[in-house]
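Spelled out from the first residue to the last, the chains are:
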Amino acid sequence: MVRSLQPQSDSALITRRHALGLLAAATLVPSRGLANVSYQRSEIRDGLARRFFDAGTVGTFVAYKTDDYLIIASDKERSGTAQLPASTFKIPNSLIALETGVVADPDKDIFKWDGVTRSIEAWNKDHTLRSAIAVSAVPVYQEIARRIGQERMQKYVDLFEYGNRDIGGGIDQFWLTGNLRIDPMQQVDFVDRLRRGVLPVSKRSQDLVRDILSVTKVGDATIRFKTGLVGAEIGKPSLGWLVGWVEKGSDRTVFALNLDVREPRHTEARMTIAQQCLADIVAI
């Protein structure tokens, strides 16, 4: 079933950020009316929600088909509900690390293992930025955040207009257990700005972060992505994220998914459901 997302006070604002910083990309902000942009369309596709139900959980999926100026969501409520970003914050954290010089080279700068054995074996070793983001090594990124520091971190989170911009709760905890919140619509906006290279940091930093993101191939489509699991660092995941974009020929589709992790299998289900939803909207 397809129905239009009509303007109303409790729906999401959709704006499009221009590459020069004018209103042009895609962002949906809760508790606002639909932006009056004549060339832009948005749709709720209820059938996408079935993918989560079939997997034994609940969640949300949002996609922005850039060439069509079309935003598609599986629902109106959860797609605009802010959650802890967990390890999806490794994207902005990496950008800030490179921009501030905390990391000079994502392949050469080494973060030594602190010797603490953690439940995720891949974390128990030395890492570069590239290897750390690949295995979502929380301890490495906590050290990066400490080196960045509160003042610089707040500066860039504000510049990125990232989520609610609240980094309270500890410089190495705010995206894991602290105050930072971001909704799927905002994730799509942020990721799209990175994809286009229009974030307020250097071209080099954005190029490098795009390059270190995980990649998977589906037929002739390429998916660049980052995962996140709320509670992963304590072995009790409760919410799973997957954000990124699809490249298929000249078409680009930016997306964000989150779901409740009710069983261990739901961590793996993130990519499966994302691919199902992307196929449903003919993005892969």
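As a reminder, the structure under discussion sits directly above these lines.
Heads up: these notes are all about the structure in this document. (Residues numbered from 1 in each chain as written. Predicted model: local features only at pLDDT ≥ 70, side-chain atom pairs only at ≥ 80, totals over all residues. Heavy atoms only, no water.)

Comments concerning the pattern of salt bridges
One pass over the full model with this rule turns up 19 salt bridges. D172 is the partner of R146 in a salt bridge, and the nearest nitrogen-oxygen pair spans 2.6 Å. Taken as a pair, R146 in helix α4 (residues 138–148) and D172 in the loop between α5 (150–160) and α6 (184–196) lie far apart in primary sequence, 26 residues in all. Note that D192 and R196 form a salt bridge whose closest N and O atoms lie 3.1 Å from each other. With D192 and R196 both in helix α6 and four residues apart, this pair spans about one turn of that helix. (Salt bridge = Lys/Arg side-chain N within 4 Å of Asp/Glu carboxyl O. Helix = DSSP H or I, 4+ residues; strand = E, 2+ residues; numbered from the N terminus.)

A few points about the side chain of H127
Along the polypeptide, H127 turns up in the loop between α2 (90–100) and α3 (129–134). Judged by its relative accessible area of 2%, H127 falls in the buried class. Reaching out from H127, the side chain makes a polar contact with the side chain of S131 at a distance of 2.7 Å. Once you skip the residues sitting within four places of it in the chain, H127 turns out to touch D109, I110, F111, A122, A132, V135, A137 and V140. (Buried < 20%, exposed > 50% of the residue type's maximum accessible area, 1.4 Å probe, protein only. Polar contact = N/O pair within 3.5 Å; in protein donor to acceptor, adjacent residues only side chain to side chain. Contact = heavy atoms within 4.5 Å.)

A word on unusual backbone geometry
Even without being glycine, A86 reaches a positive phi, approximately 50 degrees. Mapped onto the elements of the fold, A86 is located in the loop between β6 (70–73) and α2. A relative accessible area of 1% places A86 in the buried class. Located in the positive-phi region is E161, a residue other than glycine, with phi close to 50 degrees. Position of E161 relative to the elements: it lies in the loop between α5 and α6.

Observations regarding the packing of aromatic side chains
Inspection of every chain in the model, using the stated rule, returns eight aromatic pairs. With centroids separated by 5.7 Å and ring planes inclined at 50 degrees, the aromatic side chains of F160 and F190 adopt a geometry described as tilted. One end of the pair, F160, is in helix α5; the other, F190, is in helix α6, with 30 residues separating them in the sequence. Take F160: its relative accessible area is 0%, and that puts it in the buried class. With relative accessibility at 2%, the residue F190 sits in the buried group. (Phe/Tyr/Trp six-rings, centres within 6.5 Å; stacked < 30°, edge-to-face > 60°.)

A word on the nonpolar core
Counting residues in each nonpolar core, the largest one holds 57 residues, and the members touching the most others are I144, M153 and F160. With six residues, the top contributor of residues to this core is α4. Apart from residues lying up to four places away in sequence, M153 is in contact with F89, N93, I96, A145, I148, I167, I171 and F174. (Core = buried A, V, L, I, M, F, W, Y, C linked by side-chain atoms within 4.5 Å.)

Notes on the packing of α2 against α4
One can describe the packing of α2 onto α4 by two numbers: an axis separation of 10 Å at closest approach and a directional angle of 45 degrees. Comparing the axis directions of α2 and α4 gives the class oblique. Crossing of α2 over α4 shows left-handed handedness. Facing α2, whose interface residues are K90, N93, S94, I96, A97 and T100, α4 presents V138, Y141, I144, A145 and I148. Residue classes in the contact of α2 with α4 are distributed as seven nonpolar, three polar and one charged. (Axes fitted to C-alpha atoms, helices over the stretch in contact; angles between N-to-C directions. Parallel < 35°, antiparallel > 145°, perpendicular 65-115°, else oblique. Left-handed = near helix turned anticlockwise from the far one by under 90°. Nonpolar A, V, L, I, M, F, W, Y, C, P; charged D, E, K, R; others polar.)

Considerations on the environment of Q276
Here Q276 lies in helix α8 (residues 265–280). Through-space distance from the C-alpha of Q276 to that of L48 is 8.5 Å; in sequence the pair is 228 residues apart.

Looking at α8
Residues spaced three or four apart along an α-helix point in a common direction, a consequence of the helix completing one turn every 3.6 residues. For α8, spanning 16 residues, the distance from its first C-alpha to its last is 22 Å, which sits close to the expected 22 Å at 1.5 Å a residue. Along α8, the residues that are buried comprise H266, T267, A269, R270, M271, I273, A274, C277 and L278. Where α8 ends, the next residue or the one after it, V282, has phi of about 60 degrees, a positive value. (Expected span 1.5 Å × (residues − 1).)

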